[in-house]
Amino acid sequence: MPELPDVETYKRYLDATALHQRVARVRIEDATVLQDAIEPQALAAGLTGQQLESSRRHGKHLFAALDGGDWLLMHFGMTGRLQYYRAHDAMPDYTQVQLDFDNGYHLAYIAPRKLGEVAIIDDPDAFITEQGLGPDALGLGWDAFAALAEGRRGMVKTWLMDQETMAGIGNVYSDEILFQARLHPKTRLPDLGQAGLQQVFETMRQVLQQAIDVQCDPQRMSGFLVPHRGEGEPCPRCAGPIERIQAGGRGSYYCPRCQPAA
DNA sequence: AGGACGCCCTGTTCGC
DNA sequence: TGCGAACAGGGCGTCC
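Because the structure is predicted, anything quoted here is derived from the model rather than measured. Along each chain, numbering runs from 1 in the same order as the chain's sequence is written. A letter from A marks each chain and a number from 1 marks each ligand, given out in the order of writing. The predicted nature of this model means local features are confined to residues of pLDDT at least 70 and side-chain atom pairs, given and counted, to a pLDDT of 80 or more, with totals for whole chains, interfaces and linings taken over all residues. Side-chain measures here rest on the full set of heavy atoms in the structure, leaving out hydrogens and waters.

**Examining the overall build of chain A**
Here comes step 1: Where helices and strands are cited, they refer to DSSP runs of H or I of at least four residues and of E of at least two residues respectively, numbered from the N terminus. Looking only at helices and strands, chain A has 7 helices and 10 strands in total.
Here comes step 2: The C-alpha radius of gyration of chain A comes to 20 Å, within 12% of the 18 Å expected for a compact globule of 262 residues.
Here comes step 3: A principal-axis box enclosing the C-alpha atoms of chain A has dimensions of 60 × 35 × 30 Å.
Here comes step 4: Burial classes: relative accessible area under 20% of the type maximum marks a residue as buried, over 50% as exposed, and values in between as partly exposed (1.4 Å probe, protein chains only). In chain A, which comprises 262 residues, the proportion classed as buried is 53%.
Here comes step 5: Should any heavy atoms of two residues lie within 4.5 Å, those residues are counted as being in contact. Counting only contacts in chain A whose residues sit at least 6 apart along the sequence, the fraction spanning at least 24 positions is 62%.
Here comes step 6: All accessible areas in this document rest on Shrake-Rupley with a 1.4 Å probe, and a residue is counted as covered only by the protein chains that are shown. Element-wise, carbon and sulfur atoms account for 44% of the exposed surface of chain A, whose accessible area totals about 12000 Å². For the radius of gyration, the atoms used are the C-alpha atoms, and the globule rule reads 2.2 Å times the number of residues raised to 0.38.

**Some words on the protein's contact with DNA strand B**
Here comes step 1: Proximity criterion: a residue is near a molecule or strand once any of its heavy atoms comes within 4 Å of it. Near DNA strand B the following residues occur: Tyr94, Pro112, Arg113, Lys114, Leu115, Arg152, Arg153, Gly154, Met155, Thr158 and Arg188.
Here comes step 2: Sugar and phosphate atoms form 78% of the subset of DNA strand B atoms that lie within 4 Å of the protein.
Here comes step 3: A distance of 2.6 Å separates a phosphate oxygen of DNA strand B from a polar side-chain atom of Lys114.
Here comes step 4: Nonpolar residues are Ala, Val, Leu, Ile, Met, Phe, Trp, Tyr, Cys and Pro. Charged residues are Asp, Glu, Lys and Arg, and all others, Gly as well, are polar. Across the surface near DNA strand B, the residue classes break down as 4 nonpolar, 2 polar and 5 charged. Within 3.5 Å is the distance limit for a polar contact, defined as a pair of N or O atoms, with the added protein rule that one can donate a hydrogen and the other accept it, and that residues adjacent in sequence qualify only through two side-chain atoms.

**Remarks on the protein's contact with DNA strand C**
Here comes step 1: Lining the immediate environment of DNA strand C, one finds 17 residues, of which His75, Met78, Leu115, Arg244 and Tyr253 sit closest.
Here comes step 2: Within 4 Å of the protein, the contacting atoms of DNA strand C are drawn from sugar and phosphate to the extent of 52%.
Here comes step 3: In the model, a phosphate oxygen of DNA strand C is placed 2.9 Å from a nitrogen or oxygen of the Lys60 side chain.
Here comes step 4: Contact between DNA strand C and His75: a phosphate oxygen at 2.4 Å from a side-chain N or O atom of the residue.
Here comes step 5: Of all the secondary-structure elements, those providing two or more residues to the surface near DNA strand C are helix H6 (171-180) and strand S10 (250-254).
Here comes step 6: Class assignment of the residues belonging to the surface near DNA strand C gives a composition of 5 nonpolar, 6 polar and 6 charged.

**So, the sheet that holds strand S2 (residues 52-58)**
Across a sheet, paired strands are connected by hydrogen bonds in the backbone, their directions being either parallel or antiparallel.
Here comes step 1: Here, a strand pair is defined by DSSP locating no fewer than two bridges between the strands. Spatially, the 4 strands line up as an open sheet ordered S2-S3-S4-S8, and their pairing is antiparallel. Each edge of the open sheet carries a strand with a single partner, namely S2 and strand S8 (117-121). Taking each pair of neighbouring strands and ignoring which way they run, the sheet shows an average axis angle of 20°.
Here comes step 2: As paired elements, strand S4 (residues 71-75) and S8 share 5 bridges and run antiparallel to each other. Counterpart to Trp71 in the pairing with S8 is Ile121.
Here comes step 3: Note on geometry: axes are C-alpha line fits, over the in-contact stretch for helices, and angles between N-to-C directions span 0 to 180 degrees. Across the face of the sheet, helix H1 (residues 4-17) comes into contact with S2, strand S3 (61-66) and S4 while running at roughly 170° to S2.

**Considerations on the environment of Met91**
Here comes step 1: On the secondary structure map, Met91 appears in the loop between strand S5 (81-85) and strand S6 (95-101).
Here comes step 2: Measuring from C-alpha to C-alpha, the distance between Met91 and Gly232 comes to 38 Å, with 141 residues separating the pair along the chain.
Here comes step 3: Apart from residues no more than four positions distant in its own chain, Met91 is found in contact with Arg27, Glu29, Tyr85 and Gln98.

**Description of the pairing of strand S9 (residues 243-247)**
Here comes step 1: For S9 and S10, the ladder comprises 5 bridges, and the chain directions are antiparallel. Along S10, the bridge assignment pairs Arg244 with Tyr253.
Here comes step 2: Connecting the antiparallel pair S9 and S10 is a turn made up of 2 residues, with Gly248 showing a positive phi of about 65°.

**Looking at the sheet that holds S6**
Here comes step 1: The sheet built from 4 strands is open, its strands ordered S1-S6-S7-S5 with antiparallel pairing. In this open sheet, the two strands that pair with only one neighbour each are strand S1 (23-28) and S5. Across the sheet, the mean angle separating the axes of adjacent strands is 15° when strand polarity is ignored.
Here comes step 2: One ladder, built from 5 bridges, connects S1 with S6; its direction is antiparallel. Within S6, the residue paired with Val26 across the bridge is Leu99.
Here comes step 3: Lying over the sheet, H1 contacts S5 and strand S7 (106-110), oriented at roughly 20° with respect to S5.

Everything listed here is a matter of coordinates, which is why it stays silent on function.
Dropping the structure here:
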C-alpha cells in the first residue's frame, strides 16, 4: 500500500542511506517490474558507474537523480519497498532489482507482487506530464484543491484516489481521510458544500503529514483507522465495529456510527 | 463523466 | 491436513 506517506518515508530512507555511492553492479532478479518500459540491459547500463545524487517524490513516484543526468524512477505498486543492507547479509526475499554499491552495501527494490515499476527516465517533469499525473496532494493549497473539485459529481473517495486529479492518495489513505472527516465512503462531492470540502482538505493534509511524521508505522498512528482495517475491528473513536463495503471498486473500511450516510 | 468490473501479480488468510 | 477461493490494492483498460 505504498501511497504518498509511505513513498515519502522511502525517500527519506533512501536519502539517509544510498546517496553518493558508486553503483558497481546492478542485479535484475526479475524483469517484470521493468514493465516493458526499459530493457534489462539498458537499466543495468544506465545505472552502473552512477551515483544517486538526490531524490524527489511526486505522488507515489520516487525519482533519484544520477550524476550522469538521468533519473532512476521507482513506483512501488502495492507491496514495493526499499531495503539498504550490509555487504554480507542475505538478499531480502522478493528482491526484484538491486544496486550493489562500491562500498559493499546494497539497495534492494523489493516487490513481492511485482506490480511496481523501475526504469530510467531523462526528465521527471516530462514523465509526470506524460503520465497525466495531477499535482502532488501534499503540495496543494486550498485554492488549487477547491479548483480541482469544481464540476466534479462523483464520490469524494474516487476523486481523492484519482491520480490525474491529484497524485499520492490510494485506497488506504482515502479511507483514512474520510474516517477522520467523519464522512461516509460513498459521500459525493456535491453533497460536501464549501465547508465540507474545506474539512476534507484540512483532514487530508493532517492525515498525510501525521503519517509521515510517524514514518507510516501503524502502531504509532493513534486515532487512525489504518491499524483497524478489518471487519469487526474496533473503531478508534467509538469502539463500534468497523465495516467493509465496496466503494470506487475497492474494499472500503469505515465506521457506520461515526460515518453515517448523508 | 462516473462507476462497475476485469486483469495483472502472488503471498496470506479463510472456509469447507 | 489440504485445497481452492477470496483478499490485499495501484494502475490500466473496457463497457455501459
